[in-house]
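Report on the structure
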Amino acid sequence: MSTPSPTNGPVHEFLAGLPLVDHHCHGVVTADLSPERFESLITEGGVWPGSGITPFDSPVGVAIRRHCAPVLGLPRHAPAAEYLARRTELGWGEVNRRFVAAAGTGVFCVDTGYSPGSDRLTTPAELAAAGGAAAAYEVVRLESVAEAVAGEGVEPGEYAAAFVAASQAAVERPGVVAVKSVAAYRTGFDLDPSRPSDADVTEAARRWLPTGEIATKSHGPHEETPVRHRLDDPVLVRHLLWTAVDLGLPLQLHTGFGDNDIRMHRVDPAHLTDWLHLTSGTIPVLLLHCWPYQRQAAYLATVFEQVYLDVGLTLHYVGPARARAILEEALEITPFRKLLHSSDAYGVAEFYQLGALAFRQGMAGLLQERVNTDDLSLPDALRIAAWTGRDNAFRVYGLPAGLPEALPERDSLPDGDDA
Amino acid sequence: MSTPSPTNGPVHEFLAGLPLVDHHCHGVVTADLSPERFESLITEGGVWPGSGITPFDSPVGVAIRRHCAPVLGLPRHAPAAEYLARRTELGWGEVNRRFVAAAGTGVFCVDTGYSPGSDRLTTPAELAAAGGAAAAYEVVRLESVAEAVAGEGVEPGEYAAAFVAASQAAVERPGVVAVKSVAAYRTGFDLDPSRPSDADVTEAARRWLPTGEIATKSHGPHEETPVRHRLDDPVLVRHLLWTAVDLGLPLQLHTGFGDNDIRMHRVDPAHLTDWLHLTSGTIPVLLLHCWPYQRQAAYLATVFEQVYLDVGLTLHYVGPARARAILEEALEITPFRKLLHSSDAYGVAEFYQLGALAFRQGMAGLLQERVNTDDLSLPDALRIAAWTGRDNAFRVYGLPAGLPEALPERDSLPDGDDA
Amino acid sequence: MSTPSPTNGPVHEFLAGLPLVDHHCHGVVTADLSPERFESLITEGGVWPGSGITPFDSPVGVAIRRHCAPVLGLPRHAPAAEYLARRTELGWGEVNRRFVAAAGTGVFCVDTGYSPGSDRLTTPAELAAAGGAAAAYEVVRLESVAEAVAGEGVEPGEYAAAFVAASQAAVERPGVVAVKSVAAYRTGFDLDPSRPSDADVTEAARRWLPTGEIATKSHGPHEETPVRHRLDDPVLVRHLLWTAVDLGLPLQLHTGFGDNDIRMHRVDPAHLTDWLHLTSGTIPVLLLHCWPYQRQAAYLATVFEQVYLDVGLTLHYVGPARARAILEEALEITPFRKLLHSSDAYGVAEFYQLGALAFRQGMAGLLQERVNTDDLSLPDALRIAAWTGRDNAFRVYGLPAGLPEALPERDSLPDGDDA
């Protein structure tokens, strides 16, 4: 039988044993999940009661039943009801431990700024401990910092300084390696690229602070739970992005795919071009997710020294069967030093494993086939695999060395076939 | 020989025998067609006399010669001249009967609002009769209703009520299951999403009604023949879309690919996001065609409960050889309950068969390969095939039951190899 | 082993022996290149000293080491350092001769309007001579003409007439077959499509001429070297495009991919739709590069008689391993008379060979597989190969006949395996 994507070979073996750096993820819920809550966490849409449509009947649901069920000791393609029952039977602690370990991730960089509703999430240290990872680092979500400043009460004229000070304090804590912005959700990228004046920021803060609307909507891992002041003023978003430049740490930017708060045509990262010119020579900028604009993101990563990209979130939503196609587009013209791995896992532990698996299978399929057709040498393929799966993140974030060269005791876990 | 797309297996067999619901198509011309007229009906461009470029020298032309010629008793890849001669020899009645029957379609939903020039088109009932289908339903094109209202003469202040009343009367006729808008052709989707006020509509009608320009251009199945008043006022288009919401029936929206009246960058369905938020919880919205924005359409179908999509029109223009690639993108993240089949056939009977064949081959290739690689179970694959080819349309349109489970007497017709 | 893209068969053999028309390329540097200079010429980004990122570690770099190294007598996948050393050892004359000959190009159409810095480039005649091509023609870059007019000093009220006269003189020289615009780099395509009035042009010239800023940035083959007056005024760019219409020659338009002077979202060729309507029936318009908007370009080529496209530049940057995927998208709906081949090679001779190889392998892979699956007849496949690789350019540019039917003495060079 013809199989377009090679499913074995030395690149597959190498990637299966490579401890990944997951440069952008979130925590996992530390509680048992009702079926409804689980379903709400495996879609960027909603659960839609009464619609007859369930997130299990989608590519990510099929991928969970195929690739995650075996980690819980179930047969491949186990029905959704059995899957959920088995999850409950094992309990959240065991479920989380199994999936995070099965991810084979050596380092997590965790966005700690999103914790909707009443769910308690793992801390970065708990996440690393669950998976036996070497280390976990923290990514500071700047909108959360700004909204906390607003929530604590601040005069408009003091907002800028208070936000900058709070941001500096946040990034000076041990283990913080990057900041993140969800400007994509708030205004999109079709913004004036220039740094706003102090007067503009004060005026915008005056508009925003007293009348801060109460956001009530919350689904998907990328947006807030009810929060007093949702930072969606274009001037303040610009100020936030420029504050990131001043902080000097790498900046992660949500682009493309997300829940329905996104206006897709306004989150094409190409809209960032003028801002990238203005901020050239300052901080690294990491474009997250990117789909369906992975080619536009690849263009930016090709022509701007400071730009990097990943296709996290996308890979587990399309599933391992389609991951290679996305990676092919993301890597069409891209310098191999510019692509990183992330799971963007949030809430359910499955996504750490599924994101890692999709990355490994997709990248290995892409590279191994080029080796098979002699378009790429094997040593080059292994180098690219190590760069994209691990080393590029070490470079961009300046992580301390010490990651084990290979994963010790996961043998058959990466392909999700064993419990 | 390597064949990336599996061409046989149980999913292929299942889809070959599944009576499809073609949820969006048009009528077929009930007359013999001159070579020039036939060529004009198999392109979204023009015939371009003297250019040396013929629509036969394009993917759809190659697909017709490969997959339609055998239905007329010709060898595969018959030359265009022989194809046209054979068509004439058989006569329009026999040609139409063969292709519509070869489509293996159980139910047609027919947009009856487009009938350019002097061509007489089949009624829905005639179309169903030609193909031996179980049923045919009607889709009301709202722009045609509005233009008829204008053509009959109405005062600006009465336009809104007259259009609403005419629309209600139109959809209350037996067999009407949906409405359709070609706003994409008139204004694109970059519109104020809010419902216009009565005063705004009256003012817009005043601008539009007296000075309605005479549209003279007509080619392709999506736009009008010469019509006194072409509804292209942004306020009136918004009023039309909100009238669709009030009517309560599913709304079909042309998006993406069409003739050169389209401004492609303005028909990306992502521009509809704000309107979809405002109309959430009301009517189903079916995004038609979508190419090259099938990923943006898939995003909307994933995050909005009421949104569905198809890649009709696209599939026969790219041909069966490329249909799978389009479907792969359309289904990357999409709930399997959200994709429907349509041919968008218009004018020539070939497109009913070719659209159905491209859908069956493309979807079967996609699903069968995932079964072959064990990324999908066979029962799941068959369920997805039945949903997308038939059942999703039944649900969205609330069609009465009674469709035969399988196609009785078409054996080898679906792949277009026999006469 | 499974190989999704067929790598041999009669279409491959045919295309390997077909002398191509490279309808858009530049000259090659007639000097030895330092490693840094070579690297700067094989990226649309920069060299980024100290970054640890080299253009060799990208798809185009891998492709050079795989497919160009053998032309220099090195093994496949030779390390970058060895590659550069061998290049130096052979000297620029021999290197250029080998690669241009290995391209197997019969006719070059050379954009002579871009010559940054101090590099001397081959003239069209020198290029043809290096490759043993039958002929080389010239393409006049209109921005260079306008900037030369400005540089020579002209009164605002005389600018329009002076530019038109200079353009006419430029295109009347022997061997000129087309004009070109880099409006994509200057303003993007989101322009008022109408012809500007004389008064508007004079006023714009008044703004532009005296205060012409000094452009200092230069990298990539598509933008200027330091030049006194960079034509980036929207009115003057529109005047330039309408002047092209008056000149009557085919117009090549840069669209999509380029260096970071591009704002990608503004160079989607769909923005040209209104202008294409206004200029319908006048000159052929050739959309160059197009990525990532090859589908939008294909749409325009399908619905406008005068529009053509290529995916030059893109093909060597993605490399032969990915060329077919790009061509599949570019040809999804496109009339086969509308796609042309170009290398867009500039500066380094490798790109003539690599662009031609990627085109041949990608197109042959696409066509041969369709022949293998009987979706296309072999005679049709060969016809499409000849059209896209050679004949379409002959038609559009009205080139005199006389190109040899087959390439005589290149046997194994096209696949880059022999020196």
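Basis of the calculations
Residues numbered from 1 in each chain as written. Chains lettered and ligands numbered in written order. Predicted model: local features only at pLDDT ≥ 70, side-chain atom pairs only at ≥ 80, totals over all residues. Heavy atoms only, no water. Helix = DSSP H or I, 4+ residues; strand = E, 2+ residues; numbered from the N terminus. Buried < 20%, exposed > 50% of the residue type's maximum accessible area, 1.4 Å probe, protein only. Contact = heavy atoms within 4.5 Å. Areas by Shrake-Rupley, 256 points an atom, 1.4 Å probe, with all protein chains shown as cover. Buried area = accessible area lost by both parts, 1.4 Å probe. Salt bridge = Lys/Arg side-chain N within 4 Å of Asp/Glu carboxyl O. Polar contact = N/O pair within 3.5 Å; in protein donor to acceptor, adjacent residues only side chain to side chain. Least-squares fit on C-alpha atoms with pLDDT ≥ 70 in both. Core = buried A, V, L, I, M, F, W, Y, C linked by side-chain atoms within 4.5 Å. Expected span 1.5 Å × (residues − 1). Phe/Tyr/Trp six-rings, centres within 6.5 Å; stacked < 30°, edge-to-face > 60°. Lys NZ or Arg CZ within 6 Å of the ring centre and 35° of its normal. Arc of directions from axis to C-beta. Disulfide = S-S within 2.5 Å. Domains from an automatic or database assignment.

1. Some details on the overall build of chain A
For chain A, the count of helices and strands is 17 helices and eight strands. Within chain A, buried positions represent 68% of all 419 residues. Residue pairs in contact within chain A that sit at least 24 positions apart in sequence constitute 78% of those at least 6 positions apart. Within the structure as shown, chain A displays about 12900 Å² of accessible surface, and the carbon and sulfur contribution to it stands at 53%.

2. Description of the interface of chain A and chain C
If you look at the interface, chain A gives 39 residues, while chain C gives 39 residues. Roughly 3400 Å² is buried in total at the junction of chain A and chain C, and carbon and sulfur atoms are behind 56% of that figure. A salt bridge links Arg266 of chain C to Asp274 of chain A, with the shortest nitrogen-to-oxygen separation between them at 3.8 Å. Applying the counting criterion to the chain A and chain C interface returns 17 residue pairs in polar contact (both at pLDDT 80 or more).

3. Quick notes on the relation of the copies chain A and chain C
Between the two copies, chain A and chain C, the superposition gives an RMSD of 0.0 Å; the rotation angle is 120° and the shift along the axis is 0.0 Å. Viewed as a symmetry operation, the transformation between the two copies matches a three-fold axis. Little of the interface of chain A is mirrored in chain C, where only 8% of its interface residues are also at the interface.

4. Comments concerning the nonpolar core
Core analysis: the biggest nonpolar cluster contains 389 residues, and Tyr159 of chain A, Tyr159 of chain B together with Tyr159 of chain C have the highest contact counts within it. Contacts of Tyr159 of chain C, omitting those with residues within four sequence positions, involve Ala146, Val149, Val154, Val201, Ala205, Trp208, Leu209, Leu231, Leu236 and His239 of chain C.

5. A few points about the pattern of salt bridges
Throughout the structure, instances matching the rule amount to 88 salt bridges over all chains. Residues Glu94 of chain A and Arg98 of chain A are paired through a salt bridge, measuring 2.7 Å at the closest nitrogen-oxygen approach. You can see Glu94 of chain A and its partner Arg98 of chain A sitting in helix H5 (residues 92-103), four residues apart, about one turn around the helix. The buried category is assigned to Arg98 of chain A, whose relative accessible area is 16%. Each of the salt bridges in this network shares a partner with another, and the network as a whole consists of Arg295, Arg324, Glu328, Glu332, Glu369 and Arg370 of chain A together with Arg322 and Glu329 of chain C.

6. Some points on the interface of chain A and chain B
Between chain A and chain B, the contact holds 39 residues from the first and 39 residues from the second. For the chain A face of the interface with chain B, the top three residues by lost area are Trp48, Asp57 and Arg322 of chain A, together amounting to 17%. At the surface where chain A touches chain B, the tally comes to 18 residue pairs in polar contact (both at pLDDT 80 or more). Counting only elements with at least two residues in the side of chain A that touches chain B, the list comes to helix H3 (59-68), helix H14 (314-318) and helix H15 (320-330) of chain A. For the side of chain A that touches chain B, the element with the highest residue contribution is H3 of chain A, accounting for five residues.

7. Focus on the relation of the copies chain A and chain B
Here chain A sits on chain B after a turn of 120° about the axis and a move of 0.0 Å along it, with an RMSD of 0.0 Å. Taken as a fraction of all interface residues of chain A, those also at the interface in chain B reach only 8%, which identifies the copy contact as different-surface.

8. Observations concerning helix H16 (residues 350-372) of chain C
Relative to the 33 Å expected for 23 residues at 1.5 Å per residue, H16 of chain C spans 32 Å between its end C-alpha atoms, a close match to the ideal helical length. The positive-phi residue at the C-terminal boundary of H16 of chain C is Asp374 of chain C, with phi of around 60°.

9. Structural notes on the packing of aromatic side chains
Here the distance between the centres and the angle between the planes together describe a pair of aromatic rings. Applying the stated rule across the entire model yields 36 aromatic pairs over all chains. Their ring planes at 45° and their centres at 6.1 Å tell us that Phe38 of chain A and Tyr83 of chain A sit as a pair that is tilted. Note that Phe38 of chain A is positioned in helix H2 (residues 35-41) and Tyr83 of chain A in helix H4 (residues 80-90), a separation of 45 residues in sequence. Of the two residues, Phe38 of chain A and Tyr83 of chain A, both sit in the buried class. With a centroid separation of 6.0 Å and 85° between ring planes, the pair formed by Phe108 of chain C and Tyr352 of chain C is classed as edge-to-face. Of this pair, Phe108 of chain C sits in strand E2 (residues 105-111) while Tyr352 of chain C sits in helix H16, placing them 244 residues apart in sequence. Each member of the pair, Phe108 of chain C together with Tyr352 of chain C, is buried. Of the aromatic side chains, those joined through ring pairs into one cluster are Phe257, Trp291, Tyr317 and Phe351 of chain A together with Tyr299 of chain B. A cation over an aromatic ring shows up here: Lys338 of chain B above the ring of Tyr308 of chain B, its NZ or CZ 5.1 Å from the ring centre.

10. Points about the side chain of Ser58 of chain B
Relative to the helices and strands, Ser58 of chain B is located in the loop between helix H2 (35-41) and helix H3 (59-68). The exposure class assigned to Ser58 of chain B is buried, which follows from its relative accessible area of 6%. From its side chain, Ser58 of chain B meets the backbone oxygen of Pro55 of chain B in a polar contact 2.5 Å long. Excluding anything up to four places from it in sequence, Ser58 of chain B contacts Thr334, Pro335 and Phe336 of chain C.

11. Here's the deal with helix H4 (residues 80-90) of chain B
All names here are of chain B. Within the span of H4, buried status applies to Tyr83, Leu84, Arg86, Arg87 and Leu90. On an axial view of H4, the arc spanned by its buried residues comes to 160°, and they lie on one face. H4 presents Ala81, Thr88 and Glu89 as exposed residues on the side facing more than 90 degrees away from its buried surface.

12. Observations regarding the state of the cysteines
All names here are of chain A. In this structure the tally under the stated criterion is zero disulfides over all chains. As a non-bridged cysteine, Cys109 has Cys25 as the owner of its nearest cysteine sulfur, 7.4 Å distant. Judged by relative accessible area, Cys109 falls into the buried class, the value being 0%.

13. A closer look at the domain arrangement of chain A
One frequently used descriptor of interface size is the decrease in accessible area upon assembly of the parts. Residue and element names in this part refer to chain A. Under the domain assignment, chain A is made up of domain 1 (17-32 + 91-210 + 227-397) and domain 2 (33-43 + 54-90). Distance between the C-alpha centres of domain 1 and domain 2: 26 Å. At the junction of the two partners, domain 1 supplies 26 residues and domain 2 supplies 22 residues. One salt bridge in this structure joins Arg37 and Asp119, with 2.3 Å as the shortest N-O distance. Here domain 1 is connected to domain 2 by eight residue pairs in polar contact (both at pLDDT 80 or more). Listed by contribution, the elements that provide at least two residues to the side of domain 1 that touches domain 2 are H5, H14 and helix H16 (350-372).

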